[in-house]
Amino acid sequence: DAGITQSPRHKVTETGTPVTLRCHQTENHRYMYWYRQDPGHGLRLIHYSYGVKDTDKGEVSDGYSVSRSKTEDFLLTLESATSSQTSVYFCAISRLADNQETQYFGPGTRLLVL
Amino acid sequence: GENVEQHPSTLSVQEGDSAVIKCTYSDSASNYFPWYKQELGKRPQLIIDIRSNVGEKKDQRIAVTLNKTAKHFSLHITETQPEDSAVYFCAAWMDSSYKLIFGSGTRLLVRP
């Protein structure tokens, strides 16, 4: 599973509280991604990183921030959680194989914002 | 903008029949097209992929075809089995931005 772990795996929080999700990888991949998955919307990119301290926005970045201070860790922060951010969050890495970057996903984090 | 459309959204087939899922992409610069299978409560798993210099690729009961001129690609599953029941996502890779653009998914149900 490409050496990806996510923590926590499940979280319940209240509206207005900050939440940080962690993605950890052990294979030194340069590219890391955060997606959210909701019924009827498939996988939507929140933010991604192309190196330490290098990040960029995806299609649904409002209300989220990220940080990558080490190659192995990519953190997703909800500054002030809202009920609309209840979702399943997947981290992914991009692995180069046969001269092509291929994405592999972490196990996911289920977040419920009450 | 970058977009991948996927059809159908749901597909129900009898065990042993074939299933076909189709995707269309908008960016002609896309050159890599993976397919993911996601079982209930699990992560998406890569099952097959195809590059733009290839028209078709097979792996046992699964095949993917690509028509670059028409900008569409398809997943074919033959001799379907109940364990093929899952949500399938197509995607197109954007070399310029190192991002995958996903289709909205197809829920496949294989009836025993």
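Just above sits the structure.
Computed from a predicted structure; not experimentally measured.

Student: Could you give me a rundown of the overall build of chain B, with the residues and numbers involved?
Tutor: Check the secondary structure of chain B and you find zero helices and 11 strands. Walking chain B from its N terminus toward its C terminus, one meets helices and strands in the order β-β-β-β-β-β-β-β-β-β-β. The C-alpha radius of gyration of chain B comes to 13 Å, within 12% of the 13 Å expected for a compact globule of 112 residues. Its C-alpha atoms give chain B principal-axis dimensions of roughly 45 × 30 × 20 Å. Considering chain B as a whole, with its 112 residues, one finds that 45% of them fall into the buried category. Across chain B, every contact between residues at least 6 apart in sequence was considered, and the portion connecting residues at least 24 apart equals 53%. Accessible area for chain B stands at about 5500 Å²; split by element, carbon and sulfur atoms hold 47% of it. One finds the centroid of the 13 positive side-chain charges in chain B at a distance of 3 Å from the centroid of its 13 negative side-chain charges.

Student: Describe the state of the cysteines, listing the residues and the values that go with them.
Tutor: Residue and element names in this part refer to chain A. Applying the stated criterion across every chain, the model contains two disulfides over all chains. The disulfide bridge from Cys23 ends at Cys91, spanning 1.8 Å between sulfur atoms. On the sign convention where negative is left-handed, the bridge of Cys23 and Cys91, at about -70° about the S-S bond, is left-handed. Here Cys91 lies in strand β9 (residues 87–97) and Cys23 lies in strand β3 (residues 19–25), a separation of 68 residues in the sequence. Both residues of the pair, Cys23 and Cys91, belong to the buried class.

Student: Talk me through a nonpolar patch on the surface; I want residue IDs and the actual numbers.
Tutor: Where nonpolar side chains cluster on the molecular surface, the patch consists of A:Val12, A:Leu112 and A:Leu114 and spans about 290 Å² of accessible area. Position of A:Leu114 among the secondary structure elements: in the segment after β11 (109–113).

Student: Explain the pattern of salt bridges to me, and be specific about the residues and the numbers.
Tutor: All names here are of chain A. Considering all chains together, one arrives at eight salt bridges over all chains under this definition. In this structure, Arg36 and Asp38 form a salt bridge, with 2.8 Å as the shortest nitrogen-oxygen distance. Of the two residues examined, Arg36 and Asp38, each falls in the buried class. Between Asp73 and Lys70 there is a salt bridge, and its shortest N-O distance comes to 3.3 Å. Beyond isolated ion pairs, a larger network of salt bridges with shared partners links Arg22, Lys70 and Asp73.

What counts, and at which threshold
Residues numbered from 1 in each chain as written. Chains lettered and ligands numbered in written order. Predicted model: local features only at pLDDT ≥ 70, side-chain atom pairs only at ≥ 80, totals over all residues. Heavy atoms only, no water. Helix = DSSP H or I, 4+ residues; strand = E, 2+ residues; numbered from the N terminus. Rg over C-alpha atoms; globule rule 2.2 N^0.38 Å. Buried < 20%, exposed > 50% of the residue type's maximum accessible area, 1.4 Å probe, protein only. Contact = heavy atoms within 4.5 Å. Areas by Shrake-Rupley, 256 points an atom, 1.4 Å probe, with all protein chains shown as cover. Lys, Arg positive; Asp, Glu negative; His and termini not counted. Charge placed at Lys NZ, Arg CZ, Asp CG, Glu CD. Disulfide = S-S within 2.5 Å. Patch = residues over 30% accessible without salt bridge, like charges linked within 9 Å, V, L, I, M, F, W, Y side chains within 5 Å. Salt bridge = Lys/Arg side-chain N within 4 Å of Asp/Glu carboxyl O.

Any functional reading would require information beyond the geometric quantities listed.
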